[in-house]
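Residues per chain, in single letters:
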Amino acid sequence: MHTLRFAPRLLLYLVVIALPALAGCQSSSTVTPAITVQIVQTNPAAGTEQALHKPAAPTPTPTATPWPAPTSVPVSTIWIDPVLPTDLHDELERAVSTIQGRIPQGSRGITSTFSSDADIVVDSHPTVTGTLDIAIISRTYAVAAPFPTVADSITMDALTSFWHGNARALNRLTNDGSTPTLYTDAATRAGLVLLLGEPSRAAPIRLVQAGTLVTATWAARPGSFAVLPFDRLEPEWKLIWLDGLNLFDKQMDAARYPLTLYVHAHVRNARDLALATQLPTSNNRDITKMAIVAMTGTTAMVRGTAVQMERKGITYPGEAIRDWLLTADVRHISNEVSFWDHCPYPTFNDGVSMCSNPKYIDLLKYVGANLIELSGNHLWDKGTDYLSSTIQMYDDLGWKHFAGGRTYTESQQPVTMTIAGNRLAFVGCNWFGADWATPTNDLPGSALCGSENPHSLDLITPAIHTLTEQGYLVIATLQYQEYYTYEPALQQEQDFKALRDAGAVVVNGSQGHWVQGFDVSRAGFIHYGVGNLFFGDQAGIGTHQTFVDRHIFYNGRYLGTDLRTAFIVDYSRPEPMSETDRAKLLQTLFAASGY
């Protein structure tokens, strides 16, 4: 407990910058005339004071002035609830100490008190009768589990039941159905007590240091999960939805989220309102600091996909998952095929020489595409000139493009942007194909990964280093060799990890027609193969399973990914998976990833 550590050592005198509307509530004795300097002298014996008024200039020679007696200036009292989490309590204490240093003598002051009958009360109660209430701090807590957890959501009722002793209420969080254990730190536990009450002694709850939370929870998997502040999430966690509410969704109704602790300042007298407004305000889930990047796999609007677009409408393939892209800030499409105004009418048997009718770009417009990857293997299928005109189409629409270009130099250029204060960079290359823009061919094409040896990665890794040193959060993409397996190949693992080791926080396998597994670490997230997006007439279940990976950046940090899963039907159309099918796919991929 820390009941005594705040109040007894703070005797603070704070300036009140009175609000105009409250001017009538202030005593004239509390206002120092602008043209005078007031020196307050105290006679301890007589209990009186004398104010000597002198001209403002010259400034009197500083002299030691006794600390004003408690009766010499009006003083308001403030009480900060000692049961608030220590991180919030410390934040308030630091702020009050900072304000104290700006207070001139003789102004209305404030002193801490043990009494909850103080003029200003700071606690977690939303309203107090007879006071003016100001919400100053909110702390949103996330439920999370180690990344290779199949379950996506729980209910607040189940979490509350677990907290109060029904340990089996959250069995769905463990992949094997065992009884889970909750890991958290002391400050978060204090916040949960204010929200849920004291936990039952029967509840399996383990307190660890905040810095060891990930390690401790992963070591206890599959029977573990955690509660932690939203802004402390990181890639090794899987965010768990609560009552269907997803903290990684900007459109979430924050007022409905049940694990947010609100701290209020309750002001008993209008004269103290201006003082209360100087207390710190903070919010650890501020969507104005959040950026969402949606990364996808292979798009090739050809063959069966194009046939269905002609039959059922250009936008038909994107209708079921459009919202997954539109609600992101960056909507990435790796379009592997160039547009050609003489492209033949599509059939199911067009082979591997591919082009797209220019009108098909309306599908990309429909899903809100604004970032195009040009690392594909089929950009030259109908001639290099059509890649140049395709890039011009993107430019005319204001879309950014990377991992390819009209020249070698352009192909190597990253895309950089700042979204909600998050500095992001995108860089990619073609490891496998032959549609390269090189220093000697002077042709449009995809970006080389290496200078002498295209597989060496000696072009892309220095670029990642440089961008990271400049303060960017880097997303790197690879057009790699295509494997029709859930497991990544050994060389594939080494190459993808090399990009993360160079500093990329996300590595995206854009080549994978067959969806592949993952690798997560504190350094970042790797998806070896995201799967087809708008390309759906290949054989095998893995070519029809696909992801839209929504990566979340917050206040200059990468927090993790929100994996959306779909199944491609009708040769063309990704549709969100059922809960059962999604669980089977995640189980398969976690096993293929070695978890």
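Structural data are supplied above this passage.
Thresholds applied
- Residues numbered from 1 in each chain as written.
- Predicted model: local features only at pLDDT ≥ 70, side-chain atom pairs only at ≥ 80, totals over all residues.
- Heavy atoms only, no water.
- Buried < 20%, exposed > 50% of the residue type's maximum accessible area, 1.4 Å probe, protein only.
- Helix = DSSP H or I, 4+ residues; strand = E, 2+ residues; numbered from the N terminus.
- Right-handed = clockwise from strand over helix to strand, strands pointing away.
- Salt bridge = Lys/Arg side-chain N within 4 Å of Asp/Glu carboxyl O.
- Phe/Tyr/Trp six-rings, centres within 6.5 Å; stacked < 30°, edge-to-face > 60°.
- Lys NZ or Arg CZ within 6 Å of the ring centre and 35° of its normal.

A. Region of interest: the pairing of strand β24 (residues 473-479). In terms of burial, β24 is largely enclosed, as seven of its seven residues are buried. Here β24 shows no split at all, with Leu-473, Ile-475, Thr-477 and Gln-479 on one side and Val-474, Ala-476 and Leu-478 on the other all buried. Handedness of the β24-helix α12 (residues 490-501)-strand β25 (residues 506-509) crossover: right-handed.

B. Broad picture of the pattern of salt bridges. Applying the stated criterion across every chain yields a total of 24 salt bridges. Lys-359 is the salt-bridge partner of Glu-310, the closest N and O atoms lying 3.2 Å from each other. Of the two residues, Glu-310 is situated in helix α6 (residues 303-312) and Lys-359 in the loop between β17 (330-335) and α8 (361-366); the sequence distance between them amounts to 49 residues. Judged by its relative accessible area of 22%, Glu-310 is partly exposed. Overall, Lys-359 belongs to the partly exposed group, its relative accessible area being 37%. Between Lys-497 and Glu-493 there is a salt bridge; the shortest N-O distance is 3.7 Å. You can see Lys-497 and its partner Glu-493 sitting in helix α12, four residues apart, about one turn around the helix. Beyond isolated ion pairs, a larger network of salt bridges with shared partners links Glu-493, Lys-497, Arg-500 and Asp-519.

C. A look at the packing of aromatic side chains. Counted by the stated rule, this structure contains 21 aromatic pairs. Taken together, a centroid distance of 5.8 Å and an interplanar angle of 85° make the contact between Phe-518 and Phe-547 edge-to-face. One end of the pair, Phe-518, is in strand β26 (residues 518-521); the other, Phe-547, is in strand β28 (residues 545-554), with 29 residues separating them in the sequence. Site record: aromatic cluster; members linked through ring pairs are Phe-147, Phe-518, Phe-525, Phe-547 and Phe-590. Directly above the ring of Phe-230 sits Arg-285, whose terminal nitrogen or CZ lies 5.8 Å from the centroid. Cation over ring: Arg-322 sits above Tyr-366, and NZ or CZ is 4.0 Å from the ring centre.

Honestly, it's all geometry; don't read function into it.
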